[in-house]
Each structure stands twice: as C-alpha cells, then as structure tokens.
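# A look at the structure
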Amino acid sequence: MAKTRDYVKWIETNLRPDVYCVGTLKQAVKIWRNGSPIWVPLKEETIRQRASQFTARLSEALYGKTIYQRFKLLVPNAITLEGNGNGRSIQSAFRSKKKVRYHLNILLRKPESMAFDAFRRKINKVWRSCDWTMPDIKIMERSGKCVSYSLKDGPESLVTETLNFGNELF
C-alpha cells in the first residue's frame, strides 16, 4: 500500500508545482428558496465539487473560453482539503485541537509564458468570484516542503476530482 511520502514524490515528480496557495472556505452558503434566504452548511462532498469548479474557472481565465471548452485544458494542479468544518479560526483550533475551518491547500504550475504577478492576479480574481470562499487567499511562490505539508492529513485529503498534471498545448 502506498504511503503519504509516495504520494508526495508522485506529485513532486509529475506536477512540478511552482505556486502554493491556501484559501479559506465559508462555513455555509446562502441560497434562496421561495423568496427567503436559507444558509446551507458546506459539506466535504460539496467542497470537492466546488474545488473542481474553481480549477475549471481558473483554467478558462488562463487559457480563454474557446481553448478551455475545445480541449478541456486544465491548469496543472493538486488540491487538498483540510479542516473539519466546525468553524473557528485555525489559530484558536491549535489551542483547542478540535475545530478547524475548512480550507484548501492548492498546488499549481503556472504557465511558463506568464509572470508570477499576473498569475497571482488571475487566481485572486477567480477565487473572489466564488460564492463559497472567504475573500482572502494566500498565494506565494513555492518554497520548502509545501507538498508534504499539504498531504499531512494523508492521501485521502487529496481532491482527486481536480488532480491534473498538465496537458499543455503551448
């Protein structure tokens, strides 16, 4: 059976991520039913679907609508879901060890032709357009052991619906 370090090596070798992001998620989203707002808590399954939606939107923003739709070209990525969805900020969770708000660790490989600052602006714009995300997302050039940190909860935290090592046309 594969261990976490095997997944880390697999992702490092195939994805070759150069951008690392951490984005916090809302605890619930507001939907309208019969003219009244209802707050629906975000569940893990829903978050995994929404993470896939995020990578699709980012890919469309990067490559253009026509290329994205014709070739289904996705930005190379690996996303892990962390937290238990019970609320409180991460800082208070370290003290209590009980509650950690859901957040995504996002590993990306930026297009070679794009500058880091332009890539960061695209990520920020797409992230803020999602109704299920908090507006803040930490985006940085990759350094250190971010792949092993992202997988610290084990390979089951990997959002396989979005996993893509790249099939670039350019």
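So, a few notes on the structure that sits alongside this text.

What counts, and where the lines are drawn
Residues numbered from 1 in each chain as written. Predicted model: local features only at pLDDT ≥ 70, side-chain atom pairs only at ≥ 80, totals over all residues. Heavy atoms only, no water. Helix = DSSP H or I, 4+ residues; strand = E, 2+ residues; numbered from the N terminus. Buried < 20%, exposed > 50% of the residue type's maximum accessible area, 1.4 Å probe, protein only. Contact = heavy atoms within 4.5 Å. Core = buried A, V, L, I, M, F, W, Y, C linked by side-chain atoms within 4.5 Å. Expected span 1.5 Å × (residues − 1).

A few words now on the side chain of Ser150. Looking at the element boundaries, Ser150 is found in helix α6 (residues 146-150). Take Ser150: its relative accessible area is 4%, and that puts it in the buried class. In this structure, Ser150 is in contact with Tyr20, Thr80, Asn105, Leu107 and Ser157, ignoring residues within four places of it in sequence.

Turning our eyes to something else, we now look at the nonpolar core. Residues Phe54, Leu104, Ile106, Leu108 and Ile123 are the most contacted members of the largest nonpolar core, which totals 30 residues. Listed by contribution, the elements that provide at least two residues to this core are β1 (19-25), α2 (44-63), β4 (77-82), β5 (103-108), α5 (116-129) and β6 (133-141). Per-element accounting of this core gives the leading share, six residues, to α2. Residues in contact with Phe54, not counting those within four places in the same chain, are Ile106, Ile123, Val126, Trp127, Cys130 and Trp132. Residues Ala78, Leu151, Leu158 and Phe165 belong to the second largest nonpolar core, which totals 11 residues.

An ideal rise of 1.5 Å per residue puts 28 Å on 20 residues; α2 measures up with 29 Å between its terminal C-alpha atoms. Residues Ile47, Arg48, Ala51, Phe54, Thr55, Ala56, Leu58, Ser59, Leu62 and Tyr63 constitute the buried set of α2. Two residues or fewer past α2, Gly64 is found with a positive phi of approximately 95°.

Function cannot be read off these values alone, since they describe shape.
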